[in-house]
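Summary of structural features
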Amino acid sequence: DSQGSSREAAMGIDIGRAGGRIRKSGRKTCKSDNPYMRLLTKLFKFLARRTDSNFNKAIHKRLIAPRRIRAPLSLSRLAKFMTGKDGKVGVLVATVTDDVRLIECPKMSVCALHFT
């Protein structure tokens, strides 16, 4: 007997639910046909993998997220979040929408996917 002299039962493998293989769920790539979106996804996937920056991981996760998850942000809320952050760039992976209630827009630097 090549497995030793003891007569123990051989260990089995856990085959998961209903005998099928359990695959990882979730998106892995960008579904958009936009070449710039695909290049951004490629870049941040590389940066998330090769650096220990949580910022790069968060941006990559949001770039591959579906469009219904990437909710728009109004200009007034963006202005509220950017108060006291002079000289910084506001980065959001979403659409920035115009807000007619905002009379005067403060000066700010913003990087976003889309502006309406």
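So, on to the sheet that holds strand β1 (residues 73–74). Spatially, 3 strands are ordered β1-β2-β3 in an open sheet, and the strand pairing comes out parallel. With one partner strand each, in any of the chains shown, β1 and β3 (109–115) form the two edges of the open sheet. In this structure, strand β2 (residues 89–97) lies alongside β3, joined through 6 bridges in parallel fashion. Following the sheet pairing, Leu92 is matched in β3 by Ala112. Relative to β2, helix α2 (residues 54–63) is tilted by about 10°, and along the sheet it contacts β2 and β3.

Formed by Leu73, Leu75, Leu78, Met82, Leu92, Ala94, Val96 and Ala112, the largest nonpolar core amounts to 8 residues. Every element with two or more residues in this core is listed here: α3 (75–81) and β2. No other element matches β2, which puts 3 residues into this core. Those residues in contact with Leu78 that lie beyond four places of it in its chain are Leu73, Leu92, Val96, Met108 and Val110. Counting 6 residues, the second largest nonpolar core, distinct from the first, contains Met37, Phe44, Ile59 and Val93.

What counts and how
- Residues numbered from 1 in each chain as written.
- Predicted model: local features only at pLDDT ≥ 70, side-chain atom pairs only at ≥ 80, totals over all residues.
- Heavy atoms only, no water.
- Pairing = 2+ DSSP bridges.
- Helix = DSSP H or I, 4+ residues; strand = E, 2+ residues; numbered from the N terminus.
- Contact = heavy atoms within 4.5 Å.
- Axes fitted to C-alpha atoms, helices over the stretch in contact; angles between N-to-C directions.
- Core = buried A, V, L, I, M, F, W, Y, C linked by side-chain atoms within 4.5 Å.
- Buried < 20%, exposed > 50% of the residue type's maximum accessible area, 1.4 Å probe, protein only.

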